Amino acid sequence: MKKKFLIPLIVICLLLVGGVVYLAISLDDQKKENKAMQELAELDKKEMENEYQQFANQYSEMKSQITNDSIVAQLTEEQNKTQKLLDELRRVKSTDAREIARLKKELATVRAVLRSYVLEIDSLNRLNQNLTEENTRVRGKYEEATRQIEGLNTEKASLSEKVAIASQLDAVAISLTGKDKRGKTTNKLKKIRTMQVTFSLAKNVTAQSGMKNVYVVIKSPTGSTLGNAGSFDYENRTLTCSMKKAVEYTGQETMVSMFWNVAQALEAGTYRVSVFADGNMIGSRSFSFE
């Protein structure tokens, strides 16, 4: 009689032990996933901090090369704004998605303003050079004109690096949409058969035109990359992309649409879309799916 009750009791104990082990493993996996997401957010925030600091430093360099008091005052004002935004970013936690998104939008504005000053100063340099050459022909002061031209060439060479930064592409209006088997938009994960990513390469007259290799990385709620469309280099490391496409860019706003065919089970949560081109992350945005 005792044996009859002993066997079921042993089975129940084994099931309880198995449940505890499974729960412990699941909690450990969740901690690892959360850590991966946190590291990605920290990396994104650090990259923004570096860009803000770089822009603030460039304002200082430009002020040291300009003698126009009005332009120097404008550059100082923009530098102070940039430093203030940098200080705000350093105080924000990487998990504060709303503030990070706001400061990322402000970063695009700072880049656009800096780009306009680079173009303005470059235009002034060309004007000064033309005036100097004309003055040389009229007054015959060849040696004095030569020194001024050499100074302008040095200034233009120093600005060339700033032009390169100002010419970086920007991916704006990024969207992530789920499509069912009929191609209709749906937010139900079980019905999604294709993920569509759309965005625009913003107008940038200083950017080099031509064919651009654009890479899109979609991170799942667990931090893993969806799909494998190849790899690309970014900040001295190799990343796997979800999609890639060669896009012809002319300097004008260019719409881009890319598709990823779902080949794995999708989980509810936040998906992060990051766009890369020319070795830079040119835009990113998060989306939630229930």
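Because the structure is predicted, anything quoted here is derived from the model rather than measured.

Caption draft 1: View of the overall build of the protein chain. A tally of regular secondary structure across the protein chain gives 4 helices and 9 strands. By the burial criterion, 37% of the 290 residues in the protein chain qualify as buried. In the protein chain, of all internal contacts separated by at least 6 residues, the share reaching a separation of at least 24 is 68%. As displayed, the protein chain has an accessible area near 17600 Å², and 53% of this comes from carbon and sulfur atoms.

Caption draft 2: Local environment of the pairing of strand β8 (residues 269-277). Of all 9 residues making up β8, 7 are buried, and the element is well covered by its neighbours. Where strand β3 (residues 210-219) lies against β8, 6 bridges are found, and the strand directions are antiparallel. Across the sheet, V216 pairs through a bridge with V275, a residue of β8. As paired elements, β8 and strand β9 (residues 280-289) share 9 bridges and run antiparallel to each other.

Caption draft 3: Spatial organisation of the packing of aromatic side chains. One pass over the full model with this rule turns up 4 aromatic pairs. With 4.7 Å between their ring centres and 15° between their planes, Y215 and F232 make a pair best called stacked. Pair noted here: Y215 is in strand β3 and F232 is in strand β4 (residues 231-234), with a separation of 17 residues, a long-range link. Neither Y215 nor F232 differs from the other in exposure class; each is buried. With a centroid separation of 5.7 Å and 90° between ring planes, the pair formed by Y271 and F289 is classed as edge-to-face.

Caption draft 4: Local environment of the pattern of salt bridges. Across all of its chains, the model carries 7 salt bridges by this definition. The partner of E88 in a salt bridge is R102, with the nearest N and O atoms 2.9 Å apart. Of this pair, E88 sits in helix α2 (residues 69-91) while R102 sits in helix α3 (residues 97-139), and the two are 14 residues apart along the sequence. Among the residues examined, R102 registers a relative accessible area of 33% and is labelled partly exposed. With a shortest N-O distance of 2.8 Å, D170 and R111 are connected by a salt bridge. One end of the pair, D170, is in the loop between α4 (142-166) and β1 (171-179); the other, R111, is in helix α3, with 59 residues separating them in the sequence. Overall, the relative accessible area of 5% leaves R111 in the buried class.

Caption draft 5: Summary view of α2. For α2, spanning 23 residues, the distance from its first C-alpha to its last is 33 Å, which sits close to the expected 33 Å at 1.5 Å a residue. Buried within α2 we find I71, L75, E78, Q79, T82, L85, L86, E88 and L89. With a side-chain oxygen positioned 3.0 Å from the backbone nitrogen of S70, the residue opening α2 is N68.

Caption draft 6: Molecular detail of the sheet that holds β1. Spatially, β1-β2-β7 is the arrangement adopted by the 3 strands of the open sheet, whose pairing is antiparallel. What marks the edges here is a single partner per strand, and that holds for β1 and β7 (254-261). Adjacent strand axes in the sheet meet at a mean angle of 15° when their direction is disregarded. The pairing of β1 with strand β2 (residues 194-201) spans 7 bridges and is classified as antiparallel. The residue bridging T177 from the neighbouring strand is Q196, located in β2.

Caption draft 7: Just the sheet that holds β3, in detail. Taken in spatial order, the 4 strands of this open sheet run β6-β3-β8-β9, and their pairing is antiparallel. Sheet topology places β6 (243-249) and β9 at the edges, where each strand pairs with a single neighbour. The average undirected angle you get between the axes of adjacent strands in this sheet is 25°. Where β3 lies against β6, 7 bridges are found, and the strand directions are antiparallel. Of the residues in β6, the one forming a bridge with K212 is V247.

Caption draft 8: The arrangement of the side chain of N204 in detail. Structurally, N204 is set in the loop between β2 and β3. One polar contact links the side chain of N204 to the main-chain carbonyl oxygen of Q168, over a distance of 3.2 Å. Beyond its immediate chain neighbours, meaning those up to four positions away, N204 contacts R115, A166, S167, Q168, Y249 and G251.

Caption draft 9: Focus on the pairing of β2. Within β2, 8 of the 8 residues are buried, which leaves the element mostly enclosed by the surrounding structure. In the sheet, β2 pairs with β7 via 8 bridges, with the strands oriented antiparallel. Looking across to β7, one finds that Q196 is bridged to F259.

Thresholds, definitions, all that
- Residues numbered from 1 in each chain as written.
- Predicted model: local features only at pLDDT ≥ 70, side-chain atom pairs only at ≥ 80, totals over all residues.
- Heavy atoms only, no water.
- Helix = DSSP H or I, 4+ residues; strand = E, 2+ residues; numbered from the N terminus.
- Buried < 20%, exposed > 50% of the residue type's maximum accessible area, 1.4 Å probe, protein only.
- Contact = heavy atoms within 4.5 Å.
- Areas by Shrake-Rupley, 256 points an atom, 1.4 Å probe, with all protein chains shown as cover.
- Pairing = 2+ DSSP bridges.
- Phe/Tyr/Trp six-rings, centres within 6.5 Å; stacked < 30°, edge-to-face > 60°.
- Salt bridge = Lys/Arg side-chain N within 4 Å of Asp/Glu carboxyl O.
- Expected span 1.5 Å × (residues − 1).
- Polar contact = N/O pair within 3.5 Å; in protein donor to acceptor, adjacent residues only side chain to side chain.
- Axes fitted to C-alpha atoms, helices over the stretch in contact; angles between N-to-C directions.

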